[in-house]
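So you can see what is in the structure, the chains are spelled out below.
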Amino acid sequence: MRRYILFAFLFCCFLANGSNGFAAKNVSKEVVVYTSIDDIFARPITKRFEQKTGIHVKLVPDTEETKSTGLLNRLIAEKNRPQADVFWSGDPVRAGILKEKGVAQSYKSPSSAGLPHEYSDPEGYWIGFSARARVLLYNANLIPKGSEPTSVMDLLNPRFKGKACMANPLFGTTSMHAAALFEVLGDKKAREFFDGLIINGVKMLSSNGEVRRRVAAGDFALGFVDSDDAHEVIRDHKPVGVVYADEKGIGTLIIPNAAVLIRNGPSPDAGRAFIDYLVSAEAEQALAESDAAQIPLRASVKVSAIVRPLSQIHSMHVDYNKLGTILDQISRGFLREWVAKNKQ
């Protein structure tokens, strides 16, 4: 009898733990992951997960122009009949909105040990990891050395009138940046800043990718992009420079990835297993070493030579858990009106 009990106990432990630490043997063999991360960066991570677990990842990406927002609306629309298990967001704002809408399920992954708490939801509805920074990209042929921009406020400088650009603030990380400015500057000053952008002829483009391409080509002198966009054109040896904005002021906005478990998803165990891998130190290292050159949130993970480690960036102090609410408010009112004015 004792042998039988011992055998049963060991067998149950085997089923529960699995052989790789990220997935149990009896979980679903497929996990559906919606992601706003560029496929070229997300796909290698999913392949690593598949090799470790034997679980196939069905990856559903967003478009460049509606980055994050398109999938957000789809997840909300599917709330009563979820099709996804995980949302891998390029920013935590959409993750916060999913929490508010009741689409997200709380999950505190054991693999998140070592991640700074300020970049994740305290209740476990999203886990922040592996970040990018919002940076100023400028064309070195158009802006002489020594006169580089240093602040978001430089977009209002008369010397750059008609020479600066930015992505549509209703979408992607630019929308998060807008929400962060509203939190840090306050409603009145943030509105004045955005109105000043129109007065100074700042051109609104379709995406960060277009901003990156047009600044590199010399069509514009400067623009705001994410650090991975900037380093893509640097690797292509384009005549550009990068500035971590407002180092002596409000600071540079740090944008962590966010992993969200979808409530009542078709394969919750596989979803948890995927998140366990996604927020692990191994995945952070892989993203840091990839062409995305993402910034690890763990101090123990080696950063790429072409980006600054988190400890050397003066970060903008924002409450990531409030940005979703702020964005929801301004995107239905002020920002939508601002975009309409900019298009005129």
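In what follows, the accompanying structure is described. Computed from a predicted structure; not experimentally measured.

Concerning the pairing of strand S6 (residues 164–167)
Side-chain direction in a regular strand flips from residue to residue, so the side chains alternate between the two faces of the sheet. Of the two faces of S6, the one lined by Ala164 and Met166 and the one lined by Cys165 and Ala167 are each fully buried. In the sheet, S6 pairs with strand S8 (residues 222–226) via 2 bridges, with the strands oriented parallel. Note on S8: the bridge partner recorded for Cys165 is Gly223. Bridge count between S6 and strand S7 (residues 203–205): 3 bridges; the pairing is parallel.

Quick look at the side chain of Ser151
Among the secondary structure elements, Ser151 is positioned in the loop between strand S5 (127–139) and S6. Only 3.0 Å separates the side chain of Ser151 from the backbone nitrogen of Met153, close enough to count as a polar contact. Side-chain polar atoms of Ser151 contact the side chain of Asp246, separated by 2.6 Å. Non-local contacts of Ser151, meaning those with residues more than four positions away in its chain, are made with Leu136, Ala245 and Asp246.

Describing the packing of aromatic side chains
Within this structure, the stated rule accounts for 9 aromatic pairs. Judged by centre distance (6.2 Å) and plane angle (80°), the rings of Phe194 and Phe334 are edge-to-face. Here Phe194 is found in helix H6 (residues 187–199), whereas its partner Phe334 is found in helix H12 (residues 334–343), with 140 residues between them in sequence. Phe334 carries the same exposure label as Phe194, and that label is buried.

Each value, and the rule that gives it
- Residues numbered from 1 in each chain as written.
- Predicted model: local features only at pLDDT ≥ 70, side-chain atom pairs only at ≥ 80, totals over all residues.
- Heavy atoms only, no water.
- Buried < 20%, exposed > 50% of the residue type's maximum accessible area, 1.4 Å probe, protein only.
- Helix = DSSP H or I, 4+ residues; strand = E, 2+ residues; numbered from the N terminus.
- Pairing = 2+ DSSP bridges.
- Polar contact = N/O pair within 3.5 Å; in protein donor to acceptor, adjacent residues only side chain to side chain.
- Contact = heavy atoms within 4.5 Å.
- Phe/Tyr/Trp six-rings, centres within 6.5 Å; stacked < 30°, edge-to-face > 60°.

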